[in-house]
Amino acid sequence: MGVKEEKVIAAEIVIVGAGIAGLATAVGLYRSGLRSLVLESSDDLRASGVGFTTWTNGWRALDALGIGDSLRSQHIRIQGLVTVSTELGVRTSLIPYVTKESDEHEVRGLKRKVLLETLAKELPKDSIRFSSRLVSIEDSGHFKLLHLADGSIIKAKAVIGCDGVNSAVASWLGFSKPAFAGRSAIRGYHVFEGAHGFEPTSMLFSGHGVRYGFVPLDDSSNYWFVAFRPSAKEHNEVEENPVKMKEFVLNNLGKVPDEIRNVFASTREDDIICSPLRYRHPLEILFGNVSKDNVCVVGDAFHPMTPDLGQGACSALEDAVVLARCLGEAYSGRSEADKQRTAEEAEYERIRMAFKKYAKERKWRGADLVATAHFLGTIHQSNNKAIGFIRDRILAPFLAAALIKKTRFDCGQLKTV
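Heads up: these notes are all about the structure in this document. Keep in mind that this is a model prediction, so the values were computed, not measured.

1. Brief notes about the overall build of the chain
Within the chain, the secondary structure is distributed over 12 helices and 17 strands. Viewed in the frame of its principal axes, the chain has a C-alpha envelope of about 70 × 50 × 40 Å. Residue burial in the chain is summarised as follows: out of 417 residues, 55% are buried. For the chain, restricting intrachain contacts to residue pairs at least 6 apart in sequence, the fraction spanning at least 24 positions comes to 76%.

Okay, structure coming up:
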């Protein structure tokens with residue numbers, strides 16, 4: 001299909017999606033000396049939403065992107081993790097993150113809005129093109145033509161898909177739609193009129209097929225989540241109605257102290273959202289096309305996972321740093337083989353090999369996180385009484401330790417310019 005040149009907008013590196021993965025990748029590239037254009041389908045920065053736990057590996061990535069200290073000053077450090085059985089009404093494990101002997105784990109609840117706005121401020125003006133929904137991708141020699149919903153066409157040397165679970169870029173690469181995990185999650189964000197008075201500790205509750213928790217974000221706010229297996233009726237009634245969501249949550253908290261119940265009860269309906277949980281099969285991550293030619297995927301477009309490890313955002317930040325480093329190294333060097341190619345061919349080949357290197361480095365990590373999260377979620381939300389007994393009486397410390405183990409990963413640094 002021919003395209004008139006006057007209709008085409010030329011761009012070096014195009015990132016599809018201005019969420020956490022897309023903006024973090026753009027910042028990583030910019031710190032590596034590479035400009036990019038970020039396409040966002042919405043009319044403005046999608047800074048709505050709640051919070052998420054940022055583990056040690058996530059903070060290492062944020063430091064590599066140069067924004068760690070700014071975010072630390074706005075969020076309290078979490079001192080430990082407490083798990084509780086709502087069937088037994090007792091604590092089943094306690095894992096300290098900070099002790100006199102060790103300061104190994106850095107964990108904080110992070111506001112999504114604050115992170116997105118901080119990342120966006122790091123980018124040059126006009127780096128983000130809003131109201132730009134990708135419709136299709138077309139080959140054009142060593143370039144890709146990105147057809148947008150408004151009729152615009154962008155000619156890109158490199159395309160990075162950061163467009164989430166329902167990624168158009170992942171679909172172009174041949175990935176199937178992420179599978180429904182059989183569970184949904186309700187998430188909320190609550191701001192107190194004064195100090196909330198909670199200890200800086202994360203709490204996870206499990207029992208009767210429901211798993212939930214809450215994390216302090218600062219001295220006056222926290223975020224919470226509830227993961228559950230919806231029946232057909234709950235799917236239709238709960239997932240589209242914040243009032244029903246809140247009612248469902250309060251009816252399924254089990255045996256918990258009143259001060260914790262009040263956190264959920266006092267959350268405004270406007271600050272509650274619900275979404276089905278989806279994941280990509282680990283084997284598809286290992287053997288699918290994470291990259292092809294001059295196209296690759298990052299974050300949820302690459303390895304969507306259930307939230308049972310709390311690693312969705314952290315792993316996206318890792319992806320961003322690794323990809324920026326691979327592309328930065330590719331652009332800074334010139335091989336002997338490049339001398340035998342035209343400038344256009346040489347640049348295409350450098351991008352292709354950088355994406356291939358990134359995919360090789362990240363696919364095992366992504367598959368491991370997806371598989372572990374799915375396993376933990378299955379155990380934590382089992383309705384089987386025997387599994388519940390073993391989980392609460394025997395496995396709780398080991399399951400919590402498995403969660404912590406995944407946070408020790410270090411994505412490395414960027415060579416900034």
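And the narrative resumes.
2. Some details on the packing of aromatic side chains
With the rule as written, the count across this model stands at eight aromatic pairs. With a centroid separation of 4.8 Å and 55° between ring planes, the pair formed by tryptophan 224 and phenylalanine 264 is classed as tilted. You can see tryptophan 224 sitting in strand 14 (residues 221-228) and its partner phenylalanine 264 sitting in helix 8 (residues 258-265), a full 40 residues away along the chain. Here tryptophan 224 and phenylalanine 264 have matching classes, each one buried. Put simply, the rings of Phe205, Tyr212, Trp224 and Phe264 pair up and form one aromatic cluster. Between the NZ or CZ atom of lysine 155 and the centre of the ring of phenylalanine 143, over which it lies, the distance is 4.5 Å. The positively charged end of lysine 292 is found above the aromatic ring belonging to tryptophan 172, 5.2 Å away from the centroid.

3. Quick look at the side chain of histidine 190
Tracing the backbone shows histidine 190 in strand 11 (residues 179-191). In this structure histidine 190 comes out as buried when scored by relative accessible area, which is 8%. In terms of polar contacts, histidine 190 uses its side chain to reach the side chain of serine 266, at 3.1 Å.

4. What to know about the packing of helix 1 (residues 20-31) against helix 10 (residues 312-332)
Across the interface, helix 1 lies against helix 10 with an axial gap of 8 Å and an inter-helix angle of 30°. As judged from the angle between their axes, helix 1 and helix 10 are roughly parallel. For helix 1 against helix 10, the interelement crossing comes out right-handed. Facing Ile20, Ala21, Ala24, Thr25, Gly28 and Leu29 of helix 1, the residues of helix 10 in contact are Ala313, Ala316, Leu317, Ala320, Leu323, Ala324 and Leu327. Partitioning the contact of helix 1 with helix 10 into residue classes produces 11 nonpolar, two polar and no charged.

Each value, and the rule that gives it
Residues numbered from 1 in each chain as written. Predicted model: local features only at pLDDT ≥ 70, side-chain atom pairs only at ≥ 80, totals over all residues. Heavy atoms only, no water. Helix = DSSP H or I, 4+ residues; strand = E, 2+ residues; numbered from the N terminus. Buried < 20%, exposed > 50% of the residue type's maximum accessible area, 1.4 Å probe, protein only. Contact = heavy atoms within 4.5 Å. Phe/Tyr/Trp six-rings, centres within 6.5 Å; stacked < 30°, edge-to-face > 60°. Lys NZ or Arg CZ within 6 Å of the ring centre and 35° of its normal. Polar contact = N/O pair within 3.5 Å; in protein donor to acceptor, adjacent residues only side chain to side chain. Axes fitted to C-alpha atoms, helices over the stretch in contact; angles between N-to-C directions. Parallel < 35°, antiparallel > 145°, perpendicular 65-115°, else oblique. Left-handed = near helix turned anticlockwise from the far one by under 90°. Nonpolar A, V, L, I, M, F, W, Y, C, P; charged D, E, K, R; others polar.

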